[in-house]
Amino acid sequence: MTTTRHDATAGSPAGSGHPRLRRDTAPPAALVLNGAPPATGIVHLGLGNFHRAHLSVYTARAVAAAGGAWGVLAASAGGRAVPRAMIEQDLLYSVVDIAPNTDAITVPGIHTGVLSRDDDPARVVKEIAAAGTRIVSLTVTEAGYTTSPRTGGLDTDAPGVRADLAGAAAPVTPIGRVARGLLARATTHGAPVTVLSCDNLSDNGHRTGRLVRDFAEHLPRGERNRLLGYLDASVSFPNSMVDRIVPATDDSHRAMALERLGVHDAVPVPAEPFTMWVLEDDFAGGRPAWDQVGATFTADVAPYELMKLRLLNGTHSLLAYLGALDGRATIPEARGQIFVETAARDLIEREYLPTLTLPPDIDADTYVAQLFSRWSNTVLADRTSRVGSDGSVKLPQRITEPVLHHRAAGVVPEHICLTVAAYLACLAPLPGFDPGPEARAMVDPARERLSALAARSTSAANLVSAVLHEGDIFAPSLGEDSAFADRIAHHLQTIVTAGVRAAAAEAHIASR
Ligand code: CS2
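Procedures and definitions
- Residues numbered from 1 in each chain as written.
- Predicted model: local features only at pLDDT ≥ 70, side-chain atom pairs only at ≥ 80, totals over all residues.
- Heavy atoms only, no water.
- Near = heavy atom within 4 Å.
- Polar contact = N/O pair within 3.5 Å; in protein donor to acceptor, adjacent residues only side chain to side chain.
- Areas by Shrake-Rupley, 256 points an atom, 1.4 Å probe, with all protein chains shown as cover.
- Helix = DSSP H or I, 4+ residues; strand = E, 2+ residues; numbered from the N terminus.
- Nonpolar A, V, L, I, M, F, W, Y, C, P; charged D, E, K, R; others polar.
- Phe/Tyr/Trp six-rings, centres within 6.5 Å; stacked < 30°, edge-to-face > 60°.
- Buried < 20%, exposed > 50% of the residue type's maximum accessible area, 1.4 Å probe, protein only.
- Lys NZ or Arg CZ within 6 Å of the ring centre and 35° of its normal.
- Contact = heavy atoms within 4.5 Å.
- Pairing = 2+ DSSP bridges.
- Axes fitted to C-alpha atoms, helices over the stretch in contact; angles between N-to-C directions.
- Expected span 1.5 Å × (residues − 1).
- Parallel < 35°, antiparallel > 145°, perpendicular 65-115°, else oblique.
- Left-handed = near helix turned anticlockwise from the far one by under 90°.

**Describing the site of the ligand**
- Every residue lining the ligand is accounted for by Asn200, Asp243, Arg244, Ile245, Lys308, Asn313, His316, Arg386, Val387, Lys394 and Arg398.
- Measuring from an oxygen atom of the ligand, one finds a backbone N or O atom of Arg244 at 2.9 Å.
- Take Asn313: an N or O atom from its side chain is 2.9 Å from an oxygen atom of the ligand.
- Coverage of the ligand by the protein amounts to 93% of the 340 Å² it exposes when considered alone.
- No other element matches helix 11 (residues 302-325), which puts 3 residues into the shell around the ligand.
- When grouped by side-chain class, the residues that make up the shell around the ligand number 2 nonpolar, 3 polar and 6 charged.

In structure tokens, the structure reads:
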């Protein structure tokens, strides 16, 4: 991928001739932690841009404010370029706030190590098992949880899960790594630890706990009992809601970082200034003072999670697919089309809000107005192809419960059906239909499967039925509902024959 080439440490156009970002070249005003980071207390899985702009920033600020041995050692699930560049930069990188009239830049300085594919694959298990580790956090995306859409539990048919269960010394799946790391803790010292999911899954902490337990259940009896006993006694899985829009890095962000820092950062992270984190305060091994630096602790995270998953993420999917089909490369361009804005407002007001009980401190109008303004950030230019990627694992999180809610009342949620239809138009184009370059740029673990289903489908109705029954994407309960399937097929057919604007106009009228 081109990003890999541009992420490489050498030869980046923005950096030529400038000193690199390091501890002794970082401008003190940007550096959150001035000294070396504290000892590792957090082992983090997933070194993507979201982690680098969220947990890392909160943790650096919390340690700067209140201390604590909460350095972060992060294992990359992706390419080698980011870990390599961070190593060349004393484990530093910058977070570039991007919005009109902002020139803030932050260098969190909290990492104590980064692991990449080149490192000993057993190392991450050892790090999770280290006595100093008190939190294992995850940003591995929805796809990283190896969940079966049929059962909602661990997908024990997935090849990676099977290999990890078979006792590979170096597990590859995030759940395998966490489970084997916890088993090693149980076997060696048994000190308490928290597993903290920071991904957009409903009930993310408890769900992660369930997946780790499923893994334990499939281990040989001795290991199974040891791990289950340790999970019961000493491991917590708090829920958390995470929020910050963080696009992928390109050369324009390197140029901005250079301008603001005065030194060259090969791997800066662009991010909107907005940031939010709501957590359950259930940390078996203690935690950084995140509460002192803007995170909210509450006994019930669910209302925040569901609000964010539906209003932000669910609507984001609609913006991405309608926008891509209309030839819009970015979310602000998509959101700027009146037909897209109308569909997004209908979806929020008529289909998502009625399924929610908002948290007591949130005013719906204010929250929604803020979303539209965040989606209008033209300088951030978040891409429709980023948000539209991995729909097969994102959409079930965003739409399943709302669909069941409306179907129980005999209502067909038009704009959720439109979202699914637009997703299928992008990822499973029927023979002869070209969804355009933005749709083609979307990546999805189900792309091949969906293309095969599309290739043998003779109509939109045929394809929708195949996806709902054999696609292994949506919960079986959605496949049994013919009214839901018919409406998706209707919108898909309209998109293919008359275009996405016509389909959105129909959805608008039908939902009145
Ligand atoms: C987006 C999220 O990728 C997506 O589907 O909806 O990455 C979104 O930008 C973040 O959840 C914002 O917190």
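**Some points on the packing of aromatic side chains**
- Within this structure, the stated rule accounts for 6 aromatic pairs.
- Geometrically, the ring pair formed by Trp277 and Trp290 is tilted, given 4.6 Å between the ring centres and 50° between the ring planes. Of this pair, Trp277 sits in strand 11 (residues 276-279) while Trp290 is found in the loop between strand 11 and strand 12 (296-297), placing the two residues 13 residues apart along the sequence. We note that Trp277, like Trp290, is buried.
- Following the ring pairs from residue to residue traces out a cluster consisting of Tyr58, Trp277, Phe283, Trp290 and Phe297.
- Between the NZ or CZ atom of Arg287 and the centre of the ring of Phe297, over which it lies, the distance is 3.8 Å.

**Topic: the side chain of Ser240**
- Residue placement: Ser240 occurs in strand 9 (residues 240-243).
- Judged by its relative accessible area of 1%, Ser240 is buried.
- In terms of polar contacts, Ser240 uses its side chain to reach the backbone carbonyl oxygen of Ser197, at 2.9 Å.
- Sequence-distant contacts of Ser240, that is, excluding residues within four places in its chain, are made with Leu196, Ser197, Cys198, Asn204, Trp277, Val278, Leu279, Val301 and Glu305.

**Some points on the sheet that holds strand 4 (residues 105-106)**
- Read across the sheet, 3 strands follow the order 4-3-10 without closing on themselves; strand pairing throughout is mixed. Single-partner strands in this sheet number two, and they are strand 4 and strand 10 (269-271).
- Relative to strand 4, strand 3 (residues 95-97) is paired through 2 bridges, and the arrangement is antiparallel. Each residue of the ladder has a partner; that of Val96, found in strand 4, is Ile105.
- Helix 10 (residues 251-261) rests against strand 3, strand 4 and strand 10 of the sheet, and its axis sits at about 90° to strand 3.

**What to know about the side chain of Ser137**
- Within the secondary structure layout, Ser137 lies in strand 6 (residues 135-138).
- Here His44 takes part through its side chain, which lies 2.7 Å from a polar atom of the side chain of Ser137.
- Not counting residues within four places of it along the chain, the set of residues in contact with Ser137 comprises Ile42, Val43, His44, Leu45, Leu55 and Leu196.

**Considerations on helix 22 (residues 482-498)**
- Its 17 residues place the ends of helix 22 23 Å apart at the C-alpha level, agreeing with the 24 Å of an ideal helix rising 1.5 Å per residue.
- Taken together, the buried positions of helix 22 are occupied by Phe484, Ala485, Ile488, Ala489, His491, Leu492, Thr494 and Ile495.
- If you follow the buried residues of helix 22, they end up packed against helix 11, helix 16 (391-408), helix 17 (414-427), helix 20 (460-470), helix 21 (476-479) and helix 23 (500-510).
- In this structure Asp481 caps helix 22, since a side-chain oxygen of it lies 3.1 Å from the backbone nitrogen of Ala483.

**A word on the environment of Pro437**
- With respect to the helices and strands, Pro437 occurs in helix 18 (residues 437-440).
- A relative accessible area of 54% places Pro437 in the exposed class.

**Quick word on the packing of helix 13 (residues 338-352) against helix 14 (residues 364-375)**
- Running from N to C, helix 13 and helix 14 cross one another at 150°; their axes reach a closest spacing of 12 Å. Of the possible angle classes, the one that applies to helix 13 and helix 14 is roughly antiparallel. Judged by the sense of rotation from one axis to the other, the crossing of helix 13 with helix 14 is right-handed. Facing helix 13, whose interface residues are Glu341, Ala344, Arg345 and Ile348, helix 14 presents Val368, Phe372 and Trp375.
- For the contact of helix 13 with helix 14, the class distribution of residues is 5 nonpolar, no polar and 2 charged.

**Brief notes about the sheet that holds strand 11**
- Pairing is mixed across the open sheet formed by 3 strands, whose spatial order is 9-11-12. Since the sheet does not close on itself, it has two edges, and those belong to strand 9 and strand 12, each with one partner.
- Judged from the 4 bridges that link them, strand 9 and strand 11 form a sheet pairing that is antiparallel. Paired with Asp243 across the two strands is Met276, which belongs to strand 11.

That's the geometry; what it means functionally is another story.
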